[in-house]
Every structure is written in structure tokens, then in C-alpha cells.
Amino acid sequence: MFPAHRPRRLRTTPAMRRLVAETTLRPRQLVLPMFVKEGATAPVEIESMPGVVQHTRDSLRKAAVEAVQAGVGGLMLFGVPATRDAVGSGATDPDGILNAALADLRAELGDSTVLMSDCCLDEFTDHGHCGVLTPTGEVDNDATLELYGEMAVAQARAGAHVVGPSGMMDGQVGFIRGVLDDAGFTDTGILAYAVKYSSALYGPFREAVESQLVGDRKTYQQDPANAREALREVELDLAEGADMVMVKPALPYLDVVRAVREIAHVPVAAYQISGEYAMVEAAARNGWIERERTALETLTSIRRAGADIVLTYWAAEAARWLDRE
Ligand code: PBG
């Protein structure tokens, strides 16, 4: 007996496959995370993230314009300061590297892209934690919120369209919303890192920002074992006024991306983090997998799981690959 149903009919030609593809992957759905290093006179390569650099203010401007021309939907900026202290003063200083670079990019790009900024203290503190510490060395949630509020206003003033609180302090979205509104920045959006796991895959990022962290972030980032807890975090952030919510990392947490997609009636982002990028780059360098195909497969999978927006270090390059289609 011949099979009555032949799903393979829909796979017979490239044109047929293109017609029936369920998931789109377009440049506008990709956001490029970028690093800018205070005092750098030339871009500095990040060994564990081949192809990614710590930019100078000048090279950042140029690379940002190129990424926008390639069609990416937005940029997410991280600062690497020259000096750090216990309270992360560089984060709130209007002349701090992140704020200065945001102003550069807003002047250069205007409203032609969505400029986002990491709203977290870990790059700026000498102990590397995402918040300030109590005298006994615990991360002080509520004292940290005050600084996030100041940081968010400094970033909005510098030109960020969207701030991205990534520190996983309780109440951070509501607090930042209130402070931004009081300062008149009612149009500045909040991309909530609603779901952020305590992941081993942040390793290369810590090289990228020269993190000073000793220990871990397990008292504020989530346990990889928990998915229901992720939905609680999302519900809280939505109630606090998040404009978009994010899941991070992406690939090991596609079940969570899907679950969040089902409850959140705002755009859902997923962050394909440094370690996800590094794994593929390393395997590709060994000739063990095809780099471009693997990168696009992972991005498509993250979209298929339900992410509207994907933050990825391949964003600009992937935008060029996709434009050939
Ligand atoms: C915290 C922050 C981290 C990343 C983005 N924001 C690192 C951390 O939580 O340790 C990681 C991104 C990546 O690994 O690509 N400001």
C-alpha cells in the first residue's frame, strides 16, 4: 500500500519549502549587543568571542552605523569602564563611558534604530555584583534600586530609547518606571530581563566586560531548574510596567521562551548569550560544524519557540546573510 499522506511533497523544491516555512527570521528581529571600552585607542578583540570586540567610541559609532545599514532592529550597549568602585559610580555619571557612548550613538543614528542600554551595575562595580553590597557582603536589593533609577535616567538623558535592567533585583521594573516618569522620560521604554538564569554560559561576557566578580549570582539570578518561577517573574514585570520581556540565555531555555510567549502580551525577546555564541564559533573553528548554517538554525529555533526579538552577537552578520535570501 502506498502512503496516503506524504509530508515530503512540501519539501520537494526550494520554492516549495520557502512557501510553506512557518517561521520567519528577518534582520529587523535581531538586536546587536555591543561593547565600548573607556580609554581604548583601538578595538580590543575578545578572545572567547571571536569576531566581537571592545570598541573605542569611534569604532563603536562606525560599527553601529554599519549594523543599522545591514538592517538590524536595534542595538544593546554595554560599557567597560576604566575604573570601578563599590557603588559603580561610572554607571550614573553622565560622562561615564556607557552614557557618553549612548550620546554618541543617538547623535549619529537619531531615531533610525532602537538604541538600548544595559541598566545594571556589574560592569561598574569593583566587586562585580549587579548591585551594591551590605556591610556583610549581601547584595542589597532596595539600595540597588535607587542606583538603577539614577542610571536609567542618565541613560534616557543620554539618548537610550529603551533601558534594559538586567540585574534581577526585585521590583526593578516598577522602580525604574516611576523614576523615569518623574523625570519626564515617559516615552523611554523598559526591556525587562524578566527571566535571567544563573548560567555558566555567561563566561565569555565576563571577559568582554572585564568583570571583577568572584563567586556567583545565585541569590539574584534564577536556578536553571525552575520554569514556573520564570512565569512569576514575567507576571511581576508586566504588572510593574515592562514594555517588553526577555528570557536569557536562549537556546537551553526554549521551553521557557515558549511558556513566556503564551502569557505575555508584549514583545518577547530572547538573548542568545556569549557562551552560546562561543560554543558555535569554537566548534566551527575546529571544522566540526558549519558556522553560518548553525548560527541561522539556532536563531530560527529561538524565533520558532516564540521570541519576537533575538539579541545575538551575529546580528549584523546574520542580517547580511538573510538579505541574500
Ligand atoms: C549583567 C549582564 C550579563 C550579561 C548581560 N547583562 C552578565 C551576567 O549576568 O553575568 C551576559 C550577556 C552574555 O553572556 O552575552 N549586566
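Scroll up for the structure.
Counting restarts for each chain: residues are numbered from 1 in the order of the written sequence. With pLDDT at 70 or above as the cut-off, local features in this predicted model cover only qualifying residues; side-chain atom pairs require 80 or more to be listed or tallied, and sums for whole chains, interfaces and linings still use all residues. Hydrogen atoms and water are omitted, and side-chain values are computed over all heavy atoms in the structure.

Draft legend 1. A look at the overall build of the chain. Numbering of helices and strands starts at the N terminus; helices are DSSP runs of H or I of at least 4 residues and strands are runs of E of at least 2. If you tally the helices and strands in the chain, you get 12 helices and 10 strands. Compactness check: the chain gives a C-alpha radius of gyration of 20 Å against a globular reference of 20 Å for 325 residues, within 12% of the reference. Contacts are assigned to residue pairs that have any heavy atoms within 4.5 Å of one another. Of all intrachain contacts in the chain linking residues separated by at least 6 positions in sequence, the fraction that spans at least 24 positions is 75%. For the charge count, each Lys or Arg is scored as positive and each Asp or Glu as negative, with His and the chain ends excluded. In plain terms, the charge of a residue is placed at NZ if it is Lys, CZ if Arg, CG if Asp and CD if Glu. Of the side chains in the chain, 32 bear a positive and 46 a negative charge, and the two mean positions are spaced by 12 Å. What the globule rule says is 2.2 Å times the number of residues to the power 0.38, and the radius of gyration is computed from C-alpha atoms.

Draft legend 2. Up close: a negative patch on the surface. Distance thresholds for patches are 9 Å for like charges and 5 Å for nonpolar side chains (Val, Leu, Ile, Met, Phe, Trp, Tyr), applied to residues having over 30% relative accessible area and no salt bridge. Every accessible area reported is derived by Shrake-Rupley at a probe size of 1.4 Å, with residue values counting cover from the shown protein chains alone. Here, a salt bridge means any Lys or Arg side-chain nitrogen found within 4 Å of an Asp or Glu carboxyl oxygen. Negative charge collects at one region of the surface, where Asp-142, Glu-146, Glu-150 and Asp-170 lie side by side. Partly exposed residues are those whose accessible area sits between 20% and 50% of the maximum for their type, while under 20% is buried and over 50% is exposed, using a 1.4 Å probe and protein chains only. For Asp-142, a relative accessible area of 52% translates into the label exposed.

Draft legend 3. Quick look at the state of the cysteines. Note on terminology: pairs of cysteine sulfur atoms within 2.5 Å are recorded as disulfides. Applying the stated criterion to the full structure yields 0 disulfides. In this structure Cys-130 is a free cysteine whose sulfur lies 3.5 Å from that of Cys-120, the closest cysteine sulfur available.

Draft legend 4. Inspection of helix α6 (residues 172–182) at higher detail. When α6 is considered as a whole, its buried residues turn out to be Gln-172, Val-173, Ile-176, Arg-177 and Leu-180. Buried residues along α6 cover an arc of 125° about the axis, so they all sit on one side. Taken together, the buried residues of α6 touch β5 (114–119), α5 (141–158), β6 (162–165), β7 (189–196) and α8 (228–239). Once α6 ends, the next one or two residues include Gly-184, with phi positive near 90°. By definition, the arc is the one covered by directions from the helix axis to the C-beta atoms.

Draft legend 5. Here's a closer look at the site of the ligand. One heavy atom within 4 Å of a molecule or strand is enough for the residue carrying it to be called near that molecule or strand. Taken together, 17 residues form the shell around the ligand, and within it Asp-122, Arg-206, Lys-248, Ser-274 and Tyr-313 come nearest. Contacts described as polar in this section are N or O atom pairs within 3.5 Å, which, within protein, must combine one atom able to donate a hydrogen with one able to accept it, while residues neighboring in sequence count only if both atoms come from side chains. At 2.8 Å from an oxygen atom of the ligand is found a side-chain nitrogen or oxygen belonging to Lys-196. The classification used treats Ala, Val, Leu, Ile, Met, Phe, Trp, Tyr, Cys and Pro as nonpolar, Asp, Glu, Lys and Arg as charged, and all other residues, Gly among them, as polar. In the shell around the ligand, the residues fall into 7 nonpolar, 3 polar and 7 charged.

The values are spatial; any link to function lies outside them.
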